[in-house]
Structure formats: C-alpha cells, structure tokens
Amino acid sequence: MAALSNLKQCPPLSTQPDLALRHNHIPELERYPRINLTGELQANPAGQRFYGGQSFVPVDEGVLKRITRTFFDGGFWESLAEARSAKSREQAPLVAQAGDLIARLLGLATGLKLRIFPHTQQLSAERIAQFVETRDWLNSDVRFLAWNWHFFNLAVAGVDDVVRIYCKNSNAASATVLKSPSQTQITCMAWRPLCAAEIVIGCRQGLCFWEVDSSLHLGRTNAPSKAFKHPANLPVTSLQWNKDGTQLATASIGDRAIIIWQPDNGTMQPLKRLGPPGSLLKWSPDNDWLFAATVDRVFRVWNCQRQWTAERWVCGPGGYVQAACWSPCGRFLLFVSSAEPILYRLQFVQQSLLSSSADEKEILPIADLNACSIDANRTLIGGPAQQLAWDPHGNYLVVTFKSTNCIAVFRTFVQKFDLQISAAYYLSGETAAEHPSFVCFQPLYKDNDRSVLTIAWSSGRIQYYAFD
C-alpha cells in the first residue's frame, strides 16, 4: 500500500518572476491567464450587496401596515418577527400575542418534522461547506473551477457569486462575467460536453444555464438562458453531465433523490432510495456508472445502462464519502472517507468479459494517507482528504487534505484488470499558511496533450503545473 512518507518534492520549478506561473518550463503555459481573484475582488467588490431600504428615512406606520409591508419585502418569517417585535408589542399587544402563538405552533410542527425527517433541517452555509469539494468553501475567494471540454475556457466561481471566464492571454479586464441575482452561494458548475459555450452553475437557488457571450461584462446584471429548480432538490451541492451532454445529474444535501435532468426538453427523472440525502456525484467517463455519495455512510453506484439499478455500499463507521474520482478508462473508482485517512479502490469490470457471478466488486485500500513530516522543518502532509483529481492520461492522482497544506501527487499505472499506485511528489504554496482550495486537471485539447493541474490557492491566486 502506498504511503505519503515516500513523497519527494516536486521537480524543480522554473524561475518565473510571476509566482502564479511557476511550473516546469513549458512555453505554452506562458499564455495561460494570470489570475489572482483576491485582487479582482478588491478592485470590483461585486459581493457587496445594496439593500435599498437602508437609504430611506423611517416613517411612522401602523402595526398592520408595517407587518404587511414586511411580508411583501421579506416574506412570512420576517413579517412574523415584525409582529413579535418590541415596537409591535407596545403598539398592539394582541397582535404580538397572536404572533407568539403562531410561532409556538410552528415550532412544535417543525420539531415533529425534524424527528421524523432529520435531513430536512435548515441548511445553513456552514452545513453546505461541510460537504462540498472546496476546502473552507465559506471563506475561500475561489469556490469552484471548471474547464471547457473542447476550448480553452476556464470558469472561476468566486465568493462574490460571480463566475469569471478566462481564455488564453486574458486578464481581469477582458474576462467574461456571469452574474445574476438568482445565482448565490455557488457550490459547483460544469461545461456541457459536445457544446461550445454552455455552462451550468449549481447554487442555493437551483441550476443556472448560461450561453457564454463575450458581451457579458462586470457591472451588468444578466439573466441565465434558462434556470431549473426542483423544490426539494435545493441547494444543489453536486452536478455531473453524462458523456454526451444529454443528461445532467444533480444532488442536494436536502433531498434523498438524485435528479436526472434532460435540459433540451425540460424533463427530469428522480432516482429515489430510502436513506440519507445525497452529497456528491461522479459520472464515469464511459457513461456506464453514476457514483452517488450521501451525507452518511451509505453510497451507491447506479448502473446507467440497466434502467438505473443501484448497488449499495457502506463506508467506515462515523464518516461519509468526502471525495471520489474515476479513472479515465472508467474501470476504477477511487474514494476517501471523512473518518479515516485511507484511499480506497473499487473496480468495475465490463459485464461482457466476466459472468455476473464472478463479477464480484470488492473495496480495497490502496494508499495510507496518515499525516507525516516531509522536510527538515517538519512540515506535515496528509490526514483526512479533501479532494481527489485524476489526470486525463491516467498517470497522476492528486490528493488535497482538510488540515494540512501540501498537495500529494501519486503515480498511477492502470492496466486492464489492475491498478498500481505509488507515491511521487508533493506541491506546496508560496507560504506555509497557503493551502489549496480547489484543484482540477485541464482536459486534453488538440493543441495540448499535457496533463496540466490547475490549483486555486487560499490566497486567491491560480497556479498551473504541467506534468511530464
């Protein structure tokens, strides 16, 4: 079993003056966009929201009029709070007492509902941050990265609820911007396969579909080309396209069902099973399997070719599947649990090669991720994993961690019915305190067959590293 203690420091990096472009010297990478989202957020603080009511002088209103206005401005719960406020108690005690009674009845009903359906509790931002792939999602300047499958377009979701799209040689001023009031607390996004310019963004309000247009600039509020929402499947915490872009799977930590959308005709199919709500989805590259983790120990692998039949698995006690990834060939699934620093393997063999009776799948541990020191300064790497990323060639596996700040790189050797893994390198940030927020590999393009790792650091800068 591979171990982190065998990691070596990454090969010497080029001496680029711009730290965001430190990499093995490859001229092509010099054309990659230089991104530091922290600087862009400071220059364009789009995340600061303006509430018009703050600029008006308050006037005296009757209690009922004030409650009615609050209802239309902020909804039922805000109006109930207004009815129970000190000012309302002073002006209309009976109205305040009625508000107290309604609040008690609703509290009893909510408590009973949570006893029967504990997963329907109010989903706070802290709860969302627990299950998304991004480390420290709540405070990270970069919340998600997504590469276009066919063209050089990198989408960067920021903490300001704005998605910026960069192409080669672009900068902050020339980036295309996707911004809408219906797009808040972004958790995930993905470009549509076999499509040049369509990207879908998952957030608290549901799904926002955008047709990327270079005329979309910062300072202009736009509307997505279409938006999908399932009342139970909110917030969307994970989404995955199938291989040909005809189906989109979404999961929510507030819903037990996985929703399979067909965006072209506006239909959807829920995949329902008893158990905890979903948290993470990963569609296999060969289109045959859909991995679905939950907020508890249970996870399932759905067979997309057999009328959505599912195989149920359970990970170690006290944890849930934190991260997972498929091999490029689709025969191996790797995953890690939140409770133990072990990397596990699950093998999938084509049904036509072996009979169903011999096609027994077994979960095997293949790497020990326990923390260890890697240099004379006793810098630690390892512990519970945060995210996994496998390069398109199937040669390198990248692992980030929840509580240590270096990135582990493993060499992988994929054979027809076997997978071998060995420790290779580790990558570190500019400072000891800088940690990776999100990582992903760039897809292979006609003009680029290198495996390029894209790293969003906690400082807001984005770095590219090309593997041999």
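Rules and cut-offs
- Residues numbered from 1 in each chain as written.
- Predicted model: local features only at pLDDT ≥ 70, side-chain atom pairs only at ≥ 80, totals over all residues.
- Heavy atoms only, no water.
- Salt bridge = Lys/Arg side-chain N within 4 Å of Asp/Glu carboxyl O.
- Helix = DSSP H or I, 4+ residues; strand = E, 2+ residues; numbered from the N terminus.
- Buried < 20%, exposed > 50% of the residue type's maximum accessible area, 1.4 Å probe, protein only.
- Arc of directions from axis to C-beta.
- Patch = residues over 30% accessible without salt bridge, like charges linked within 9 Å, V, L, I, M, F, W, Y side chains within 5 Å.
- Areas by Shrake-Rupley, 256 points an atom, 1.4 Å probe, with all protein chains shown as cover.
- 1 Å grid on protein atoms, 1.4 Å probe; cavity = no way out; pocket = protein on both sides within 12 Å on 5 of 7 lines; lining within 4 Å.
- Points joined across faces, edges and corners; volume = space filled by probe spheres on them.
- Nonpolar A, V, L, I, M, F, W, Y, C, P; charged D, E, K, R; others polar.
- Pairing = 2+ DSSP bridges.
- Axes fitted to C-alpha atoms, helices over the stretch in contact; angles between N-to-C directions.
- Core = buried A, V, L, I, M, F, W, Y, C linked by side-chain atoms within 4.5 Å.
- Contact = heavy atoms within 4.5 Å.
- Disulfide = S-S within 2.5 Å.
- Polar contact = N/O pair within 3.5 Å; in protein donor to acceptor, adjacent residues only side chain to side chain.
- Phe/Tyr/Trp six-rings, centres within 6.5 Å; stacked < 30°, edge-to-face > 60°.
- Lys NZ or Arg CZ within 6 Å of the ring centre and 35° of its normal.

- You'll find the protein chain entered in an unreviewed UniProt entry as Aladin seven-bladed propeller domain-containing protein, with Drosophila gunungcola given as the organism.

### Description of the pattern of salt bridges
Pairing is possible between side chains that carry opposite charge, provided their charged atoms lie close to one another.
Now for step 1: With the rule as written, the count across this model stands at 11 salt bridges.
Now for step 2: One salt bridge connects R89 with D100, and the closest N-O pair in it is separated by 2.8 Å. Note that R89 is positioned in helix 4 (residues 86–91) and D100 in helix 5 (residues 93–116), a separation of 11 residues in sequence.
Now for step 3: The partly exposed category is assigned to R89, whose relative accessible area is 35%.
Now for step 4: Ionic pairing is found between E430 and R461, a salt bridge with its closest N-O pair at 2.8 Å. Residue E430 is found in the loop between strand 28 (419–427) and strand 29 (436–441), and its partner R461 is found in the loop between strand 30 (451–457) and strand 31 (462–467); the two are separated by 31 residues along the sequence.

### Looking at helix 3 (residues 76–83)
Now for step 1: All of the buried residues in helix 3 are S79, L80, E82 and A83. Seen along its axis, helix 3 keeps its buried residues to an arc of 160°; they face one direction.

### Here's the deal with a nonpolar patch on the surface
Now for step 1: A contiguous nonpolar patch, built from F71, F72, F76, W77 and I102 and spanning about 590 Å² of accessible area, is present on the exposed surface.
Now for step 2: When residues of the nonpolar patch are traced back to their parent elements, those giving at least two are helix 2 (63–74) and helix 3.
Now for step 3: Tracing the chain through its elements places F76 in helix 3.

### Section: empty space enclosed by the protein
Now for step 1: For the structure shown, the criterion picks out three cavities of 30 Å³ or more.
Now for step 2: Size it by volume and the largest cavity reaches roughly 100 Å³.
Now for step 3: Forming the boundary of the largest cavity are R256, I258, L271, R273, P276, P277, G278, A292, A293, T294, R300 and W302.
Now for step 4: Elements that contribute at least two residues to the lining of the largest cavity include exactly strand 16 (289–294) and strand 17 (298–303).

### Re the layout of surface pockets
Now for step 1: In this structure, the largest pocket spans a volume of roughly 1300 Å³.
Now for step 2: Along the walls of the largest pocket sit 47 residues, with W149, Q240, W283, P285 and F441 positioned nearest its centre.
Now for step 3: Elements that contribute at least two residues to the lining of the largest pocket include exactly strand 3 (142–147), strand 7 (188–191), strand 11 (236–241), strand 15 (278–283), strand 19 (321–326), strand 25 (385–390) and strand 29.
Now for step 4: Of the residues in the lining of the largest pocket, the class split is 33 nonpolar, 10 polar and four charged.

### Overview of the sheet that holds strand 14 (residues 267–271)
Now for step 1: An order of 11-12-13-14 is seen for the four strands of this open sheet, with the pairing classed as antiparallel. Sheet topology places strand 11 and strand 14 at the edges, where each strand pairs with a single neighbour. Put simply, the sheet's adjacent strands are angled 25° from each other on average, direction ignored.
Now for step 2: Looking at chain direction, strand 11 and strand 12 (residues 248–252) are connected through five bridges and run antiparallel.

### Description of the sheet that holds strand 3
Now for step 1: The strand order 3-4-5-6 describes an open sheet built from four strands, whose pairing is antiparallel. Each edge of the sheet is formed by a strand with only one pairing partner; in this case those strands are strand 3 and strand 6 (176–178). Averaged over neighbouring strand pairs, the angle between their axes works out to 20° when direction is ignored.
Now for step 2: Bridging between strand 5 (residues 163–166) and strand 6 involves three bridges; their strand directions are antiparallel. From the neighbouring strand, I165 faces strand 6, where its bridge partner is T176.

### Observations regarding the nonpolar core
Now for step 1: Among the nonpolar cores identified, the biggest contains 50 residues, and L145, V156, V163, M189 and L207 are the most heavily contacted of them.
Now for step 2: The dominant element in this core, judged by the number of residues it contributes, is strand 3, at five residues.
Now for step 3: Not counting residues up to four positions away in its chain, the partners in contact with V156 are I35, L37, V142, F144, L145, V162, V163, R164, Y166, M189 and I462.
Now for step 4: In terms of nonpolar packing, the next biggest core, distinct from the first, is built from 27 residues, L343, I366, A367 and F410 among them.

### Quick notes on the state of the cysteines
One covalent bond between the sulfur atoms of two cysteine residues makes up a disulfide.
Now for step 1: For the structure on display, the rule yields zero disulfides.
Now for step 2: This cysteine, C208, is not joined by any disulfide, and C203 carries the nearest cysteine sulfur, 4.4 Å off.

### Side note on unusual backbone geometry
Now for step 1: The residue after L234, namely P235, is reached through a cis peptide bond having omega -10°.
Now for step 2: Here L194, not a glycine, exhibits a phi torsion of approximately 60°, which is positive.
Now for step 3: Although it is not a glycine, W308 adopts a positive phi angle of roughly 60°.
Now for step 4: When you line up the elements, W308 lands in the loop between strand 17 and strand 18 (309–314).

### Here we look at the side chain of N303
Now for step 1: Tracing the backbone shows N303 in strand 17.
Now for step 2: Residue N303 is classed as buried on the basis of its relative accessible area, which comes to 9%.
Now for step 3: In this structure the side chain of N303 is engaged in a polar contact, spanning 3.0 Å, whose partner is the backbone nitrogen of Q305.
Now for step 4: Excluding residues within four positions of it along the chain, N303 makes contact with D288, W289, W308 and T309.

### Some words on the packing of aromatic side chains
Now for step 1: One pass over the full model with this rule turns up 18 aromatic pairs.
Now for step 2: Summarising the aromatic geometry, the rings of F131 and Y320 are spaced 4.8 Å apart at their centres and angled 50° between planes, so their arrangement reads as tilted. In this pair, F131 is assigned in helix 6 (residues 125–131) and Y320 in the loop between strand 18 and strand 19, connecting sequence segments 189 residues apart. Just as F131 is buried, Y320 falls in that class too.
Now for step 3: Each ring, one from W283 and one from W308, has its centre 6.0 Å from the other, and the planes form 70°; the classification is edge-to-face. Of this pair, W283 sits in strand 15 while W308 sits in the loop between strand 17 and strand 18; the two residues are 25 residues apart in sequence, bridging distant segments of the chain.
Now for step 4: Taking relative accessible area as the criterion, W283 reaches 8% and is therefore assigned buried.
Now for step 5: Residue class for W308 comes out buried when judged on its relative accessible area of 12%.
Now for step 6: Each member of the aromatic cluster is reached from another via a ring pair, and the members are Y32, W147, F152 and Y464.
Now for step 7: If you follow R143 out to its NZ or CZ, it ends over the ring of W137, 3.9 Å from the centre.
Now for step 8: Its end group placed over the ring of F209, K226 keeps NZ or CZ at 5.3 Å from the ring centre.

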